[in-house]
Amino acid sequence: MLRFITGGNYFSSGNEPAENNPVTPMLRHLIYKIKSTGPITVAEYMKEVLTNPAKGYYVYRDMLGEQGDFITSPEISQIFGELLGIWFISEWMATGKSTAFQLVELGPGRGTLVGDILRVFTQLGSVLKNCDISVHLVEVSQKLSEIQALTLTEEKVPLERNAGSPVYMKGVTKSGIPISWYRHLHDVPKGYSFYLAHEFFDVLPVHKFQKTPQGWREVFIDIDPQISDKLRFVLAPSATPAEAFIQHDETRDHVEVCPDAGVIIEELSQRIALTGGAALVADYGHDGTKTDTFRGFCGHKLHDVLIAPGTADLTADVDFSYLRRMAQGKVASLGPIKQHTFLKNMGIDVRLKVLLDKSNEPSVRQQLLQGYDMLMNPKKMGERFNFFALLPHERLQGGRHQRNARQSKPFASLVAGFSELAWQ
Ligand code: SAH
């Protein structure tokens, strides 16, 4: 048996009194697991707590919105999804208006974002009229997939369900577009696609490492020997395999690495390099600078990650420098840039004005203004969230379809959001 070393407290306080530490079914499951096979990595803990098929936090509940544990940009304002819809159309136009494309969203929550995007597609129907669009949602949560279907699909067309198939649900959207659900990205058909991941990468499991005089040591989770129903952090006594994900010249003392994010970025990059399209990733994160960001949220408040597992969301900031490295050589990447810059470039001010001018209802106007402030204010989501894109190399070098190929400006400036939107 390996002898684990008592670790630090990290982001969680680890000092909650026992009465604040209810024994949830997930805690019971984890204690059983640790007793039988030993301490688990933070990545395994995150994976079990969030997506365990029987008890996972994401699997059976709707945690989004004011009544839930956290609220996301698309739930705050319709403008967010509308501008993202315009981004996809702008990329579709800039790359030669293909006759068909797939819109693929990873972790679609309640389906609000894709709903707002599809509304824009309908409004710009004259532009997209000869294009065959299909929607593909990658979602592990049974509960959320049901909510997505309710939000997005036409009631009169019954959904086709097949729990055992990689495509576990199929239907038709309210605007008549075929829509399918998958548990894994690799099951989504390959083909010219626009991929979207909003607040998806931050829920993928991270491994945590602490620098010690003996070298990097991984943080594990064990049962507290003093209190039998309590978990605590410990350090591995020797090197562990996930250390391979740490950069050789790493200068931080504590790092979080997310191999699953790398696998997904590699898959997206290969697909985009092969068949074209683009991926837009929006999340909170950093560029390889932060250390301890693993944290929990319950009822919109920070929550100790080791307390009452299964009742709170667990998340870690996205390391965009790692995403960029994983894409390198296969596709070009842009960003990360701050949300307020991206939305400003996409024309959020004009869109807000149009909606304000259209509405006489004071409560609607107030909601629009509050939503704008939440998305754009640097102290709120404006600076905390970042946008990052993957594009085929030809897109930035001026490929066959690049109408502006003779412009002297760098091509990166032609990608909307990362520079001002200009219809081409
Ligand atoms: N994009 C939405 C929801 C973000 S919450 C929004 O911005 O409102 C994270 C979403 O990812 C949820 O839909 C959750 O069920 C899903 N999810 C979490 N882990 C996943 C995984 N490993 N594979 C696919 N979906 C996952």
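Residues numbered from 1 in each chain as written. Predicted model: local features only at pLDDT ≥ 70, side-chain atom pairs only at ≥ 80, totals over all residues. Heavy atoms only, no water.

The protein chain has the name Protein arginine methyltransferase NDUFAF7 in an unreviewed UniProt entry, where Rhinopithecus roxellana is given as its organism. Quoted verbatim from the Subcellular location (unreviewed entry) heading of the UniProt record, the comment on the protein chain is "Mitochondrion". Among the UniProt annotations of the protein chain, the heading Subunit (unreviewed entry) holds the following wording: "Interacts with NDUFS2." (UniProt positions renumbered as here; feature names shortened; annotations may be inferred.)

Chemist: What is the right way to read the overall build of the protein chain from this model?
Modeler: A tally of regular secondary structure across the protein chain gives 14 helices and 19 strands. Its C-alpha atoms give the protein chain a radius of gyration of 22 Å, within 12% of the compact-globule value 22 Å for 424 residues. Each principal axis of the C-alpha distribution contributes one length, and for the protein chain these read about 65 × 50 × 45 Å. Expressed as a percentage of its 424 residues, the buried residues of the protein chain come to 55%. (Helix = DSSP H or I, 4+ residues; strand = E, 2+ residues; numbered from the N terminus. Rg over C-alpha atoms; globule rule 2.2 N^0.38 Å. Buried < 20%, exposed > 50% of the residue type's maximum accessible area, 1.4 Å probe, protein only.)

Chemist: Would you take a moment to explain the environment of Lys143 for this structure?
Modeler: For Lys143, the position within the fold is in helix H7 (residues 142-152). Among the residues examined, Lys143 registers a relative accessible area of 37% and is labelled partly exposed. Contact partners of Lys143, with chain neighbours within four places excluded, come to Val59, Tyr60, Arg61 and Asp62. (Contact = heavy atoms within 4.5 Å.)

Chemist: Help me understand the environment of Lys338 in this model?
Modeler: Inspection of the secondary structure assignment puts Lys338 in strand S18 (residues 332-338). Since its relative accessible area comes to 32%, Lys338 is described here as partly exposed. Sequence-wise, Lys338 and Asn162 are 176 residues apart; in three dimensions their C-alpha atoms are separated by 40 Å. With near-sequence residues (within four places) excluded, Lys338 lies in contact with Gly382, Glu383, Phe385 and Asn386. Among the polar contacts listed, one links the side chain of Lys338 to the side chain of Asn386, at a separation of 3.5 Å. (Polar contact = N/O pair within 3.5 Å; in protein donor to acceptor, adjacent residues only side chain to side chain.)

Chemist: Where do I start with the packing of helix H4 (residues 78-94) against helix H5 (residues 112-123) in this structure?
Modeler: Between two packed helices, the angle of one axis relative to the other and the distance separating the axes together describe the packing. Closest axis-to-axis distance for the H4/H5 pair is 7 Å, and the angle between their directions is 55°. As far as their axial angle goes, H5 and H4 are oblique. The two elements H4 and H5 meet at a crossing, and its hand is right-handed. Touching Gln78, Phe80, Gly81, Glu82, Leu84, Gly85, Ile86, Phe88 and Ile89 of H4 are Leu113, Asp116, Ile117, Arg119, Val120 and Phe121, all from H5. Split into classes, the residues belonging to the contact of H4 with H5 amount to nine nonpolar, three polar and three charged. (Axes fitted to C-alpha atoms, helices over the stretch in contact; angles between N-to-C directions. Parallel < 35°, antiparallel > 145°, perpendicular 65-115°, else oblique. Left-handed = near helix turned anticlockwise from the far one by under 90°. Nonpolar A, V, L, I, M, F, W, Y, C, P; charged D, E, K, R; others polar.)

Chemist: Is there a simple way to think about the packing of helix H1 (residues 25-37) against helix H2 (residues 42-51) in this case?
Modeler: Packing of H1 against H2 brings their axes to within 10 Å, and their N-to-C directions diverge by 140°. Relative to H2, the element H1 is oriented oblique. In the crossing of H1 with H2, the sense of the turn from one axis to the other is right-handed. Where H1 approaches H2, its residues Met26, His29, Leu30 and Lys33 are matched on the opposing element by Glu44, Tyr45, Glu48 and Val49.

Chemist: Teacher, can you tell me more about the packing of aromatic side chains here?
Modeler: For any pair of aromatic rings, geometry is given as the distance between the ring centres together with the angle between the planes. What the rule picks out here adds up to 13 aromatic pairs. Ring centres of Phe101 and Phe121 lie 5.8 Å apart, and the angle between their planes is 85°; this geometry places the pair in the edge-to-face category. Pair noted here: Phe101 is in strand S3 (residues 100-106) and Phe121 is in helix H5, with a separation of 20 residues, a long-range link. Centre to centre, the rings of Phe200 and Phe201 are 5.5 Å apart; their planes meet at 80°, and the pair counts as edge-to-face. You'll find Phe200 and Phe201 in the same group, each marked buried. Among the aromatic residues, those joined into a ring-pair cluster are Trp87, Phe88, Trp92, Phe101, Phe121, Tyr192 and Phe194. (Phe/Tyr/Trp six-rings, centres within 6.5 Å; stacked < 30°, edge-to-face > 60°.)

Chemist: I tried to follow H7 on my own but got confused; where do I start?
Modeler: Because the α-helix completes a turn every 3.6 residues, residues three or four places apart line up on one side. Residues Leu144, Ser145, Ile147, Gln148, Ala149 and Leu152 constitute the buried set of H7. Contacts made by the buried residues of H7 are with H5, strand S4 (132-138), strand S6 (167-172) and strand S7 (178-182). By the N-cap criterion, in which a side-chain oxygen at the helix start approaches the backbone nitrogen of a residue two or three places on, H7 is capped by Ser141, the distance to Lys143 being 3.4 Å.

Chemist: Even after reading the chapter, I still don't get the sheet that holds strand S15 (residues 301-303), so can you show me in this structure?
Modeler: Two orientations exist for strands paired in a sheet by backbone hydrogen bonds: parallel and antiparallel. Overall, antiparallel pairing links the three strands, which are arranged S15-S14-S16 in an open sheet. Unpaired on one side and paired on the other, S15 and strand S16 (313-315) mark the two borders of the sheet. For this sheet the average axis-to-axis angle between neighbouring strands, irrespective of direction, equals 40°. With three bridges connecting them, strand S14 (residues 295-298) and S15 associate as antiparallel partners. For Phe297, the partnering residue across the bridge sits in S15 and is Leu302. (Pairing = 2+ DSSP bridges.)

Chemist: Would you mind showing me how to read the nonpolar core here?
Modeler: Residues Trp87, Phe101, Phe121, Leu280, Phe342 and Phe418 are the most contacted members of the largest nonpolar core, which totals 61 residues. By residue number, the principal contributor to this core is H4, which donates ten residues. Each residue touching Phe101, except ones within four places of it in the same chain, is listed here: Trp92, Phe121, Leu128, Cys131, Asp132, Ile133, Ser134, Tyr192 and Phe194. By size, the runner-up hydrophobic cluster in this structure holds 59 residues, among which are Met46, Ile147, Ile221 and Val318. (Core = buried A, V, L, I, M, F, W, Y, C linked by side-chain atoms within 4.5 Å.)

Chemist: In this structure, what is going on with the environment of Leu280? I would like to understand it.
Modeler: Among the structural elements, Leu280 can be located in strand S13 (residues 277-286). A relative accessible area of 1% places Leu280 in the buried class.

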